Amino acid sequence: MELKVSSLAERPEMLERVVDMADTWPEFMVQDLVGNAHYGRIARELPEYVLFAEDETGEVVAHAYSVPFVLAAEGRGRLPARGWDEVLVWAFADQRAGVRPDTVSAISVVIAPHAQGAGLSARMLSAMRDNARAHGFSEVVAPVRPSAKHLEPHTPIEEYAHRVRPDGLLHDPWLRVHARAGATIDSIAPASMTVAGSLDQWRDWTGLPFDTQGDIEVPGALVPVRCEPERGYAVYVEPNVWMRHPL
């Protein structure tokens, strides 16, 4: 597939087509309040950090979002345990304060459903790295959502993240793409994203009954969702894996 990769800063007229591109996220994954408050701002306020790919027909088939932030600020210095959520908060707090960022964090690489399986994720990750380098950064960090972890929701993330194949490469396909691009595992973000809702909301999001106390396996979830029927709510706390890409 021949691709043309551009940024929204270069092609602002493509904003709606990029934002409206189809994806395959489970419904519960788009209910994170931190993400809902900040993710949509990236394309509009940080267009130079939003890349998109068009195929030969001009259709948008992939996009990659990232954000600049200050890692070396007072009280920071290490990648946050609240991963994806917290780096979004840091990035927009830094933007509001007008401070000079020193690091870029990947936020998402999304491939249109019909274009999956063609290696576009690796190509968009490479483009994100190149974009950060072009903006003068020497490192990209990424709170990576392991792509096959949902098949083993009860396996501890620490064990899963470091598992390797017989050839020495990381077991998880998406972690392996990052490693092949030059990244190494830094740490685990045990509470990278939190989705809390009423039992009725979880039933709407998943089609599951959510009437049993304890851990509920939900398709697409990396770990079980904790259900508390007597209290009327359920909570999903997703772990991610922080990876560092020197440029």
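Keep in mind the model is a prediction, meaning the values are calculated, not measured. (Residues numbered from 1 in each chain as written. Predicted model: local features only at pLDDT ≥ 70, side-chain atom pairs only at ≥ 80, totals over all residues. Heavy atoms only, no water.)

A. Expanded view of the overall build of the protein. Of regular secondary structure, the protein possesses seven helices and nine strands. Expected size for 247 residues packed as a compact globule is a radius of gyration near 18 Å; at 18 Å, the protein falls within 12% of this value. Taking the principal axes of its C-alpha atoms as reference, the protein extends roughly 50 × 45 × 45 Å. Within the protein, buried positions represent 49% of all 247 residues. Sequence-distant contacts, at least 24 apart, represent 72% of the contacts inside the protein between residues at least 6 apart. Carbon and sulfur atoms form 51% of the exposed surface of the protein, whose accessible area is close to 11,700 Å². Between the centroid of the 23 positive side chains of the protein and the centroid of its 35 negative side chains there is a distance of 5 Å. (Helix = DSSP H or I, 4+ residues; strand = E, 2+ residues; numbered from the N terminus. Rg over C-alpha atoms; globule rule 2.2 N^0.38 Å. Buried < 20%, exposed > 50% of the residue type's maximum accessible area, 1.4 Å probe, protein only. Contact = heavy atoms within 4.5 Å. Areas by Shrake-Rupley, 256 points an atom, 1.4 Å probe, with all protein chains shown as cover. Lys, Arg positive; Asp, Glu negative; His and termini not counted. Charge placed at Lys NZ, Arg CZ, Asp CG, Glu CD.)

B. Looking closely at the packing of helix 4 (residues 120-134) against helix 6 (residues 173-180). It is the contact of helix 4 with helix 6, at a shortest axis distance of 10 Å, that shows an interaxial angle of 40 degrees. Classed by the angle they form, the pair helix 4 and helix 6 counts as oblique. The hand of the helix 4/helix 6 crossing is right-handed. Listed contacts from helix 6 to Ser121, Ala122 and Leu125 of helix 4 are Trp174, Val177 and His178. Partitioned by chemical class, the residues of the contact of helix 4 with helix 6 number four nonpolar, two polar and no charged. (Axes fitted to C-alpha atoms, helices over the stretch in contact; angles between N-to-C directions. Parallel < 35°, antiparallel > 145°, perpendicular 65-115°, else oblique. Left-handed = near helix turned anticlockwise from the far one by under 90°. Nonpolar A, V, L, I, M, F, W, Y, C, P; charged D, E, K, R; others polar.)

C. How the structure looks around the packing of helix 2 (residues 33-45) against helix 3 (residues 83-97). Close contact between helix 2 and helix 3 brings their axes to 10 Å; oriented N to C, the two are set at 50 degrees. With respect to each other, helix 2 and helix 3 are oriented oblique. The way helix 2 lies across helix 3 gives a crossing that is left-handed. Two secondary-structure elements touch here, helix 2 through Val34, Gly35, His38, Tyr39, Arg41, Ile42 and Glu45 and helix 3 through Trp84, Asp85, Leu88, Val89, Phe92 and Gln95. Its residues assigned to classes, the contact of helix 2 with helix 3 comprises seven nonpolar, three polar and three charged.

D. Broad picture of the environment of Ala132. Within the secondary structure, Ala132 is located in helix 4. With a relative accessible area of 1%, Ala132 lands in the buried category. Considered as a pair, Ala132 and Ser66 are 66 residues apart in the sequence and their alpha carbons are 8.9 Å apart. Discounting residues that sit within four places of it in the chain, Ala132 has contacts with Val104, Phe137, Val140 and Leu247.

E. Broad picture of helix 3. The end-to-end C-alpha distance of helix 3, which contains 15 residues, comes to 21 Å, matching closely the 21 Å that a straight helix rising 1.5 Å per residue would cover. Those residues of helix 3 lying buried are Gly83, Trp84, Asp85, Glu86, Val87, Leu88, Trp90, Ala91, Phe92 and Asp94. Considering only its buried residues, helix 3 is in contact with helix 2, strand 3 (60-69), strand 4 (103-111), strand 5 (139-144), strand 6 (184-198) and strand 9 (233-246). Positive backbone phi, at 70 degrees, marks Gly98, one or two positions downstream of helix 3. (Expected span 1.5 Å × (residues − 1).)

F. The arrangement of the environment of His154 in detail. Considering the arrangement of structural elements, one finds His154 in the loop between strand 5 and helix 5 (157-161). When the C-alpha positions of His154 and Ala132 are compared, they lie 35 Å apart, and in sequence the two are 22 residues distant. Filtering out sequence-adjacent residues up to four positions away, His154 remains in contact with Lys149, Glu217 and Pro224.

G. Main features of the packing of aromatic side chains. Here the structure, examined in full by the defined rule, presents seven aromatic pairs. Each ring, one from Phe28 and one from Trp202, has its centre 5.9 Å from the other, and the planes form 35 degrees; the classification is tilted. Taken together, the residues span a long stretch of sequence, with Phe28 in the loop between helix 1 (15-19) and helix 2 and Trp202 in helix 7 (residues 199-206) at a distance of 174 residues. Taken individually, Phe28 and Trp202 each receive the classification buried, so the pair is uniform in this respect. Three or more aromatic residues joined by ring pairs form one cluster here, namely Phe28, Trp202, Trp205, Phe210 and Tyr236. (Phe/Tyr/Trp six-rings, centres within 6.5 Å; stacked < 30°, edge-to-face > 60°.)

H. Just unusual backbone geometry, in detail. Despite not being glycine, Phe210 has its phi angle at roughly 45 degrees, a positive value. Inspection of the secondary structure puts Phe210 in the loop between helix 7 and strand 7 (214-216). Residue Phe210 is classed as buried on the basis of its relative accessible area, which comes to 2%.

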